[in-house]
Structure formats: C-alpha cells, structure tokens
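Residue-level structure breakdown
Next come the chains, spelled out residue by residue.
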Amino acid sequence: MALRNAVMAALLEGEASGWDLAKGFDSSVANFWTATPQQIYRELERMEREGLVAARVVQQERRPNKRLFSLTEAGYAALRDYTAADLARPTIIRDELLVKVQSADVGDLEGVRAAVETQMEWSAARLARCERGRAKLLDGRTEEEYFAGAERVGPYLTLLRGIAFERENLQWCETALKVLRQRSAAAGAARAAAAPRSRSRP
C-alpha cells in the first residue's frame, strides 16, 4: 500500500497540517500504518503536485505560517478507486523481534528477553492510548449506539483492530518471557553442573 492512501484516509477527518497528520499517524493511523513526519511532508508535496490534495496557508502571529491540506475531488476519487481495488496481498507479519526470538536458542537469551520486555512496554503504552481513543470516540455511548449514530465507523473499527493487536502482543510476550526465563534458568543450572569442581588438597 502506498503511503498516500494512508494520508488520504487520515484526511477524511478534515483538513490538517503536516504536523497534525504526523501526530494523527502516531495516535490513530498507527493502528495500521506508520510513517515519519518527513515522509508525510514529502508525500503531501507529491500529492499536491498531482492534484490529490489542496493546501491553504494560515497566517500565525508568533509562529511560522502553516499550510492546511484537504482532499480534492481527485483525491476522493483516488481513495474510492483504492477501496474498490483488490488487496495486493494478504496481511503478513514482518517483525524483527520475531527474528531475534527465532534465534534465541543459539543467541543471547538475556538480550532476547530484554527485547521482548521492551516490546511488552511499548504494547502496554499503545494499548492504553488506544483505550483512551476508544473512550473518546464513544463519548459515553455503547458500541451499538455509536455504530447506529456515528457519521463514520472506519476510525472506530481500525481502533478495535489496534486494541486486539496490542492485547495479543501482551499475551504473547507473557508466554515468551515465561519460556525464556525457564530456558535461561535451565542453561545456568547446566553450566553450573558442568563446571569442574575444585579438589581439596590433602
């Protein structure tokens, strides 16, 4: 998927600056896509040249002027075409952490454990952000009430996917850490048993 499709999806929330979009990617679109602010700014420039977005300059007194971007009719048309097209391929996992875990038996067990613990901290923090976003969207309503009356349901559905993803991450991390701790303890015991015992001199 091209970054522009994620940018256009984010702009469905309304006009936004590049900075706004970068923050939005971090808090909501990050449920399904990641990008650096620099990548977003470059993509917005390309999209503007191609007529997919339009920009207006907002004058600011004590800050640099900012440009707010919004979808053009061509942008909406491109997004409709994108949603109508078949997926290029099903979702796949590409995760450096899993490469480390795959190599744990011949690698540094403590290093792998530390990597899993870091992932657990990240997932816990992201889950908390997702849960706050969910509460904000619901605004005291039940899910049924939200789906019945909301103008758009896409943001909530992607948020649910983010919540499920991080919950599963945490569950997997707990299992992985338990196994790695057991393996580390067993390796330590084996090393201790194999170490030559000092012989007492007569």
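One structure accompanies this document, and this report is about it.

Calculation notes
- Residues numbered from 1 in each chain as written.
- Predicted model: local features only at pLDDT ≥ 70, side-chain atom pairs only at ≥ 80, totals over all residues.
- Heavy atoms only, no water.
- Axes fitted to C-alpha atoms, helices over the stretch in contact; angles between N-to-C directions.
- Helix = DSSP H or I, 4+ residues; strand = E, 2+ residues; numbered from the N terminus.
- Parallel < 35°, antiparallel > 145°, perpendicular 65-115°, else oblique.
- Left-handed = near helix turned anticlockwise from the far one by under 90°.
- Nonpolar A, V, L, I, M, F, W, Y, C, P; charged D, E, K, R; others polar.
- Expected span 1.5 Å × (residues − 1).
- Buried < 20%, exposed > 50% of the residue type's maximum accessible area, 1.4 Å probe, protein only.
- Contact = heavy atoms within 4.5 Å.
- Patch = residues over 30% accessible without salt bridge, like charges linked within 9 Å, V, L, I, M, F, W, Y side chains within 5 Å.
- Areas by Shrake-Rupley, 256 points an atom, 1.4 Å probe, with all protein chains shown as cover.
- Salt bridge = Lys/Arg side-chain N within 4 Å of Asp/Glu carboxyl O.

**What about the packing of helix 6 (residues 109-138) against helix 8 (residues 154-194)?**
- Where helix 6 meets helix 8, the axes come as close as 8 Å, and the angle between the chain directions of the two elements is 155°. When the axes of helix 6 and helix 8 are compared, the pair comes out roughly antiparallel. For the pair helix 6 and helix 8, the sense of crossing is left-handed.
- Looking at the contact of helix 6 with helix 8 residue by residue, the class counts come to 20 nonpolar, six polar and 11 charged.

**What to know about helix 8**
- With 41 residues, helix 8 extends 59 Å between its outermost C-alpha atoms, agreeing within 8% with the 60 Å of an ideal straight helix rising 1.5 Å per residue.
- Listed as buried for helix 8 are Tyr156, Leu159, Gly162, Ile163, Glu166, Asn169, Leu170, Cys173, Ala176, Leu177, Leu180 and Ser184.
- Buried residues belonging to helix 8 abut helix 6 and helix 7 (143-149).

**Observations regarding a nonpolar patch on the surface**
- A cluster of nonpolar side chains, contributed by Phe147, Val153 and Leu157, occupies part of the molecular surface with about 230 Å² of accessible area.
- Secondary-structure assignment places Val153 in the loop between helix 7 and helix 8.
- The exposure class assigned to Val153 is partly exposed, which follows from its relative accessible area of 32%.

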